[in-house]
Amino acid sequence: MADAHYNLGVTLMEIKDYQSAEKSYRNAILFRPGLALAHLNLGLVLRNLNNDKEAEKSFRHCLTLLDTGLKDPAAHAHAVTNCHFNLAQLLRDQKRFKDARVILEKALGHAPPGYEMQSIYNLLGSTHAQLGDVKHAEESFRKSLAAKADHLPAVVGYAQFLADQKRIADAEAVYSGVPGPPNPVVLSYHGLLLCNQAERRQEGTRIMEKAIKYGESSSQLASALAECYRREHNYQKAILYYKLAAEKEPTDTAFSNLGAAYHVAKDYTAAAAAYRKALKLSPNSQVAKDNLQKLEGAAKRQQT
């Protein structure tokens, strides 16, 4: 019966019927209290239901489960380690970084052979960084990349950590050291790093355009690239990528940015159209209202 309730919970979870999934996992636990996977998934479901208090209870209870008399002790150990990991994420989300560090350090000692250690080390590195422990943060990030050199969360997290330490060359080395073919996500972050440095902004835009060429087409990247071109006073390129950002994700912010780029490029008709699209999406957008008002005021002055 425990397996039947558990499997039903998995199915319900996949279709995002979280309330029904919660009931199924609780029933599975009633029939088999030591089923670590049920405790893990119950915690995940409760997080999706915004019930972090009960989710924490579920994850913590999972950590106490014994590993004796089990059909599959390896699967049990893997599930319990995942409970450590997800509990640490919950604690981090609540800014309880010291508690998260304790849980992650316990996870390192509990993880079974074959577990993806890069995930634990990366989260631990980020947690050390939040606590201002630079030495141990760097050690953990390095261990994450030693476990899996192309683990993107660690690549990005470690490089950003180094950039925060003003170690730009070291951050670039992390991005450049990712094995395999060019990765569009890595390229986008690498380009953004350089775009934030005035003397290397043009190099940054070239790298970010390469990211788009290799398939990274998010609105966030397009908007960031447009902003880099705007800082370079290349308004035509800025317009090109603000338009792409608005196509990918048509929000009032995207159209306000596009309108501002048209505005400084002195294409007032297109600017007004973009501001009006922003207001159509968000009638209370003060930025779009103010910019459209300024534009219309300037147009009236030109006519008189």
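Remember, it's a predicted structure, so these values are computed and weren't measured experimentally. (Residues numbered from 1 in each chain as written. Predicted model: local features only at pLDDT ≥ 70, side-chain atom pairs only at ≥ 80, totals over all residues. Heavy atoms only, no water.)

Trainee: For this particular structure, what's the right way to read the packing of aromatic side chains?
Mentor: Given two aromatic rings, their pairing is described by the distance between the two centres and the angle made by the two planes. Under the definition given, this model contains five aromatic pairs. Consider the rings of Phe141 and Phe161, whose centres lie 5.6 Å apart with planes at 45°: the pair is tilted. A residue pair is termed long-range when its members are at least 10 positions apart, and Phe141 in helix H8 (residues 134-147) and Phe161 in helix H9 (residues 152-164) qualify at 20 residues. Of the residues examined, Phe141 reaches a relative accessible area of 2% and is grouped as buried. Where Tyr158 meets Phe161, the ring centres are 6.4 Å apart and the plane angle is 25°; that geometry is what we call stacked. Note that Tyr158 and Phe161 are positioned in helix H9 at a spacing of three residues, about one turn of the helix. Taking the relative accessible area as the measure of exposure, Tyr158 reaches 4% and is therefore buried. Here the aromatic residues Phe141, Tyr158 and Phe161 are joined through ring pairs into a cluster of three or more. (Phe/Tyr/Trp six-rings, centres within 6.5 Å; stacked < 30°, edge-to-face > 60°. Helix = DSSP H or I, 4+ residues; strand = E, 2+ residues; numbered from the N terminus. Buried < 20%, exposed > 50% of the residue type's maximum accessible area, 1.4 Å probe, protein only.)

Trainee: I would appreciate a short explanation of the state of the cysteines in the present structure.
Mentor: In protein structure, a disulfide is the covalent linkage between the sulfur atoms of two cysteines. Evaluation of the coordinates by the stated rule reveals two disulfides. Across a sulfur-sulfur distance of 2.3 Å, Cys62 and Cys83 are joined as a disulfide pair. Handedness of the Cys62-Cys83 disulfide follows from its S-S torsion of about 85°: it is right-handed. Here Cys62, found in helix H4 (residues 52-63), pairs with Cys83, found in helix H5 (residues 73-93); they are 21 residues apart in sequence, far enough to count as distant. Take Cys62: its relative accessible area is 0%, and that puts it in the buried class. Residue Cys83 is classed as buried on the basis of its relative accessible area, which comes to 0%. A disulfide bridge connects Cys195 with Cys228, and the sulfur atoms are separated by 2.3 Å. Of this pair, Cys195 sits in helix H11 (residues 184-195) while Cys228 sits in helix H13 (residues 219-231), placing them 33 residues apart in sequence. (Disulfide = S-S within 2.5 Å.)

Trainee: How should I be thinking about the nonpolar core in this particular structure?
Mentor: One broad trend across soluble globular proteins is that nonpolar side chains are buried collectively. One finds Tyr25, Phe59 and Ile120 to be the most contacted residues of the largest nonpolar core, which totals 38 residues. The set of elements that each furnish at least two residues to this core consists of helix H1 (2-14), helix H2 (18-31), helix H3 (36-48), H4, H5, helix H6 (97-110) and helix H7 (117-130). Apart from residues no more than four positions distant in its own chain, Ile120 is found in contact with Thr81, Phe85, Leu104, Ala107, Leu108, Ala111 and Tyr115. Judged by nonpolar contacts, the second largest core, of 31 residues, contains Cys195, Leu258, Ala271 and Ala288. (Core = buried A, V, L, I, M, F, W, Y, C linked by side-chain atoms within 4.5 Å. Contact = heavy atoms within 4.5 Å.)

Trainee: Explanation requested: the packing of H13 against helix H14 (residues 235-248) in the structure shown.
Mentor: Helix-helix packing is described using two parameters, namely the angle between the two axes and the distance between the axes. H14 packs onto H13 with a crossing angle of 165° between their chain directions and a minimal axis gap of 8 Å. When the interaxial angle is binned, H13 and H14 end up roughly antiparallel. For the pair H13 and H14, the crossing hand works out as left-handed. Two secondary-structure elements touch here, H13 through Ser219, Ala222, Ser223, Leu225, Ala226, Glu227, Tyr229 and Arg230 and H14 through Tyr235, Lys237, Ala238, Tyr241, Tyr242, Leu244, Ala245 and Lys248. The residue makeup of the contact of H13 with H14, split by class, is 10 nonpolar, two polar and four charged. (Axes fitted to C-alpha atoms, helices over the stretch in contact; angles between N-to-C directions. Parallel < 35°, antiparallel > 145°, perpendicular 65-115°, else oblique. Left-handed = near helix turned anticlockwise from the far one by under 90°. Nonpolar A, V, L, I, M, F, W, Y, C, P; charged D, E, K, R; others polar.)

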